[in-house]
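Breakdown of the fold
Listed below are the residues making up each chain.
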Amino acid sequence: MARRERRCKITVVGAGQVGATTAHWLVSEQLGDVMLVDIAEGMAAGKALDLLEATPIAGSDCFIVGHCDYAKTAGSDIIVITAGVPRKPGMSRDDLLQTNAGIVKDVAEQVSRHSPDAVIIVVSNPLDVMTWLTMKVSGFPPERVIGMAGVLDTARFRTFIALELGVSVEDVQAMVLGGHGDSMVPLVSCTSVSGIPVAQLIPHDRLAELIKRTANGGAEIVNLLKTGSAFYAPGAAVAQMVEAIERDKKRVLPAAVYCRGEYGLDDVYIGLPIVLGAGGCEKILQLQLAPDELEALRKSAAEVKANIAKLKL
Ligand code: APR
């Protein structure tokens, strides 16, 4: 796809912690003009104006404005859905299911009507179920509805490995698949430090602890904050996905995508390695997983399917 002749129009729905932080990353990295939308009167407008007033200092020419009115989002190229409630200490992401389903259903109807050609990135939790719901409600082709989780979970894993070894985060490569929850599947076989397999650098037992910390990464932050969940790293992860789409970079990243037979899975959203470009999910990569990894992926997908079945719409 040719480069756009105008700046990319990015709608971010939900101007709370994740939405506003995402907008901050998008504007500071000059990825496009941003429409911030929130149901709370003044919230989106106020945060957007504050951010706009930072652009002369940041040296960003991107425009940002906030509204309650979805008509203003018309013709967006990319839509990020962060609307919904975050969890509190002791809650799992699945505890948010029915509340966030009602919110995300409403948002998906509105944004898809006003921007029928957009690529949608879903962030609201429980992530895999909300992405499935958005695809069904919008009627968009699955390639254009993707969930942000794998980039975040992988970033957490990379951070913990870099801290453990005292090396640059830039040199740590990893791939975390599966659902965005306790059953996520960090692939040790795809984890390396400048090409050196991680198993040569970190003993097996210690690596298992880092994997556990990764799977528990969201809860670790919730327990510290006590009044909300993570937002800096989620916002940065969304910005990386937006950049891949906006610049048609064909990045190889993990993301929640719709399965039609891949890895033996069907009619479910789950984190898989994809090629992310202007068309959204342009390809799902089929890896030769170890038997235990494949089993873990299927178990994770079964949990997502069970939650899809619980949706009351
Ligand atoms: N339309 C638009 N915005 C809505 C709607 C709606 N129907 N319902 C709620 N919102 C807005 C709220 O007004 C609030 O500003 O969504 C925002 C959510 O912000 P926070 O409460 O700060 O939650 P946040 O931490 O941003 O998390 C949002 O992302 O990571 C996930 O688990 C997290 O599901 C949660 C979502």
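My aim in this report is to walk through the structure given alongside it, one point at a time. (Residues numbered from 1 in each chain as written. Predicted model: local features only at pLDDT ≥ 70, side-chain atom pairs only at ≥ 80, totals over all residues. Heavy atoms only, no water.)

Overview of the site of the ligand
Close to the ligand lie 21 residues; Gln17, Val18, Asp38, Thr82 and Asn125 are nearest. Take Val18: an N or O atom from its main chain is 2.8 Å from an oxygen atom of the ligand. Between the ligand and Gly84 there is a distance of 3.5 Å, counted from an oxygen atom to a backbone nitrogen or oxygen. Its free accessible area being 730 Å², the ligand has 86% of it covered by the protein chains. Elements with a minimum of two residues in the shell around the ligand: α1 (17–28) and α4 (97–114). The dominant element in the shell around the ligand, judged by the number of residues it contributes, is α4, at 4 residues. Split by residue class, the shell around the ligand holds 11 nonpolar, 8 polar and 2 charged. (Near = heavy atom within 4 Å. Polar contact = N/O pair within 3.5 Å; in protein donor to acceptor, adjacent residues only side chain to side chain. Areas by Shrake-Rupley, 256 points an atom, 1.4 Å probe, with all protein chains shown as cover. Helix = DSSP H or I, 4+ residues; strand = E, 2+ residues; numbered from the N terminus. Nonpolar A, V, L, I, M, F, W, Y, C, P; charged D, E, K, R; others polar.)

With respect to the pattern of salt bridges
This model, assessed by the stated rule, comprises 14 salt bridges. In this structure, Arg6 and Asp77 form a salt bridge, with 3.1 Å as the shortest nitrogen-oxygen distance. Taken together, the residues Arg6 in the segment before β1 (9–13) and Asp77 in the loop between β3 (64–67) and β4 (78–81) connect sequence positions 71 residues apart. Across the salt bridge formed by Arg206 and Glu164, the nearest N and O atoms sit 2.8 Å from each other. On the criterion of sequence distance, the pair formed by Arg206 in helix α7 (residues 204–215) and Glu164 in helix α6 (residues 150–165) is long-range, its members being 42 residues apart. Where salt bridges share partners, they join Glu164, Arg206 and Glu209 into one cluster. (Salt bridge = Lys/Arg side-chain N within 4 Å of Asp/Glu carboxyl O.)

A short note on α4
Relative to the 26 Å expected for 18 residues at 1.5 Å per residue, α4 spans 26 Å between its end C-alpha atoms, a close match to the ideal helical length. Those residues of α4 that sit buried are Leu97, Asn100, Ala101, Val104, Val107, Ala108, Val111 and Ser112. The buried residues of α4 occupy an angular sector of 140° when the element is viewed end-on, so they sit on one face. In this structure, the buried residues of α4 make contact with β1, β4, β5 (119–122), α5 (127–138) and α10 (291–310). (Expected span 1.5 Å × (residues − 1). Buried < 20%, exposed > 50% of the residue type's maximum accessible area, 1.4 Å probe, protein only. Arc of directions from axis to C-beta. Contact = heavy atoms within 4.5 Å.)

Some details on the nonpolar core
Within the largest apolar cluster, 82 residues are counted, with the highest numbers of intra-cluster contacts made by Ile10, Val242 and Leu297. Split by domain, this core shows at least three residues from each of two domains, domain 1 (9–147) and domain 2 (150–309). When sequence neighbours within four positions are dropped, the list of residues in contact with Leu297 reads Leu177, Gly178, Val185, Tyr263, Leu265, Ile270, Gly271, Leu272 and Leu289. The next biggest cluster of nonpolar side chains, apart from the first, holds 14 residues, and it includes Ala174, Met184, Val198 and Leu207. (Core = buried A, V, L, I, M, F, W, Y, C linked by side-chain atoms within 4.5 Å. Domains from an automatic or database assignment.)

What to know about the packing of α1 against helix α9 (residues 232–246)
The interhelical angle for the contact between α1 and α9, taken along N-to-C directions, is 50°, at an axis separation of 8 Å. By the angle class used here, α1 and α9 are oblique. Here α1 and α9 pass one another in a crossing that is right-handed. Where α1 approaches α9, its residues Val18, Thr21, Thr22, Trp25 and Leu26 are matched on the opposing element by Tyr232, Pro234, Gly235, Ala236, Val238, Ala239 and Val242. Split into classes, the residues belonging to the contact of α1 with α9 amount to 9 nonpolar, 3 polar and no charged. (Axes fitted to C-alpha atoms, helices over the stretch in contact; angles between N-to-C directions. Parallel < 35°, antiparallel > 145°, perpendicular 65-115°, else oblique. Left-handed = near helix turned anticlockwise from the far one by under 90°.)

Considerations on the side chain of Thr134
Relative to the assigned elements, Thr134 resides in helix α5. With relative accessibility at 0%, the residue Thr134 sits in the buried group. Once you skip the residues sitting within four places of it in the chain, Thr134 turns out to touch Ile81, Val104, Ala108, Ile120, Val122 and Val145.

With respect to the pairing of β4
Burial along β4 is two-sided: Ile78 and Val80 and Ile79 and Ile81, pointing in opposite directions, are all buried. Across 4 bridges, β1 lies against β4 in parallel orientation. Across the sheet, the residue bridging to Val13 is Ile81, located in β4. As paired strands, β4 and β5 are joined by 4 bridges and run parallel to one another. Its bridge partner lying in β5, Ile81 is registered against Val122. Handedness of the β4-α4-β5 crossover: right-handed. (Pairing = 2+ DSSP bridges. Right-handed = clockwise from strand over helix to strand, strands pointing away.)

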